[in-house]
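Okay, here's what each chain looks like letter by letter:
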Amino acid sequence: NAGVTQTPKFRVLKTGQSMTLLCAQDMNHEYMYWYRQDPGMGLRLIHYSVGEGTTAKGEVPDGYNVSRLKKQNFLLGLESAAPSQTSVYFCAIRDRPTSNTEAFFGQGTRLTVV
Amino acid sequence: GDSVTQMEGPVTLSEEAFLTINCTYTATGYPSLFWYVQYPGEGLQLLLKATKADDKGSNKGFEATYRKETTSFHLEKGSVQVSDSAVYFCALKLNAGNMLTFGGGTRLMVKP
């Protein structure tokens, strides 16, 4: 997990509150991704970015927004948290979009919405 | 759409037992296939990969062969250790695509 840092590691929110998850990388990779991990469902892609200033929707984007103002940072925002957003969130990075190089993952953020 | 199906866990084995975790996929193109491992409290790490049919990926005693005819990429290890206890994810990526598609994960528990 070296090179990908997620903050915070744990958070409890009340329904309707907002928060931002930060993913920071020091590997100068172009692609960054936000996934959520739920029991029995594997990892599902929320949003991703192919470079600074660009973002795109993944499989489950509703209720989330993202920004990539700087190449090294990818922010995931929840404007009005819902209990269905209780999950473990992982950031991943990857170099060169057309290569088959591995993705590197952060250690995850465990979010509970009550 | 593209999808990955893994056997449901948990899989519980005794140390030195033989391991197989099944993975099958559907894809509209020609994917690369991956196995990732997640140890407790950590993010995912690449375990092995195969980029074309009949390729065999291997690492740390684990192996998986890309079988195009059966659209499978089963993970095997001849003798598991307690330290192999983790969640294992099968994943695919189309060669011209941007995203990894993951299976649901299989939890492996190895008892001494």
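The notes below deal with the structure included here. Keep in mind that this is a model prediction, so the values were computed, not measured.

A few points about the overall build of chain A
Helix and strand counts for chain A come out as zero helices and 11 strands. The N-to-C order of helical and strand elements in chain A reads β-β-β-β-β-β-β-β-β-β-β. The globule rule puts the C-alpha radius of gyration for 114 residues at 13 Å, and the 13 Å found for chain A is close to it. Its C-alpha atoms give chain A principal-axis dimensions of roughly 40 × 30 × 25 Å. The 114 residues of chain A split such that 48% are buried. Look at the contacts in chain A between residues 6 or more apart in sequence, and 54% of them connect residues 24 or more apart. Here chain A has roughly 5400 Å² of accessible surface; of this, 52% comes from carbon and sulfur atoms. Counting 12 positive and 9 negative side-chain charges, chain A places the centres of these two groups 6 Å from one another.

Some points on the interface of chain A and chain B
Each side of the interface is counted separately: chain A has 23 residues, and chain B has 21 residues. Between chain A and chain B, roughly 1700 Å² of surface is buried when both sides are summed, and carbon and sulfur atoms account for 51% of that area. Applying the counting rule to chain A against chain B returns zero salt bridges. Counting across the interface, chain A meets chain B through four residue pairs in polar contact (both at pLDDT 80 or more). Only strand 4 (31-38), strand 5 (42-51) and strand 9 (87-94) of chain A provide two or more residues apiece to the side of chain A that touches chain B.

Description of the layout of surface pockets
Estimated volume of the largest pocket: approximately 810 Å³. Broken down by secondary-structure element, the contributors of at least two residues to the lining of the largest pocket are strand 4, strand 9 and strand 11 (109-113) of chain A together with strand 1 (3-6), strand 10 (86-94) and strand 12 (106-111) of chain B. If one sorts the elements of the lining of the largest pocket by residue count, strand 12 of chain B sits on top with four residues. Counted by class, the lining of the largest pocket contains 14 nonpolar, 16 polar and six charged residues. Contributing to the lining of the second largest pocket are 21 residues, with A:E59, B:D2, B:M99, B:L100 and B:T101 lying nearest its centre.

Rules behind the numbers
Residues numbered from 1 in each chain as written. Chains lettered and ligands numbered in written order. Predicted model: local features only at pLDDT ≥ 70, side-chain atom pairs only at ≥ 80, totals over all residues. Heavy atoms only, no water. Helix = DSSP H or I, 4+ residues; strand = E, 2+ residues; numbered from the N terminus. Rg over C-alpha atoms; globule rule 2.2 N^0.38 Å. Buried < 20%, exposed > 50% of the residue type's maximum accessible area, 1.4 Å probe, protein only. Contact = heavy atoms within 4.5 Å. Areas by Shrake-Rupley, 256 points an atom, 1.4 Å probe, with all protein chains shown as cover. Lys, Arg positive; Asp, Glu negative; His and termini not counted. Charge placed at Lys NZ, Arg CZ, Asp CG, Glu CD. Buried area = accessible area lost by both parts, 1.4 Å probe. Salt bridge = Lys/Arg side-chain N within 4 Å of Asp/Glu carboxyl O. Polar contact = N/O pair within 3.5 Å; in protein donor to acceptor, adjacent residues only side chain to side chain. 1 Å grid on protein atoms, 1.4 Å probe; cavity = no way out; pocket = protein on both sides within 12 Å on 5 of 7 lines; lining within 4 Å. Points joined across faces, edges and corners; volume = space filled by probe spheres on them. Nonpolar A, V, L, I, M, F, W, Y, C, P; charged D, E, K, R; others polar.

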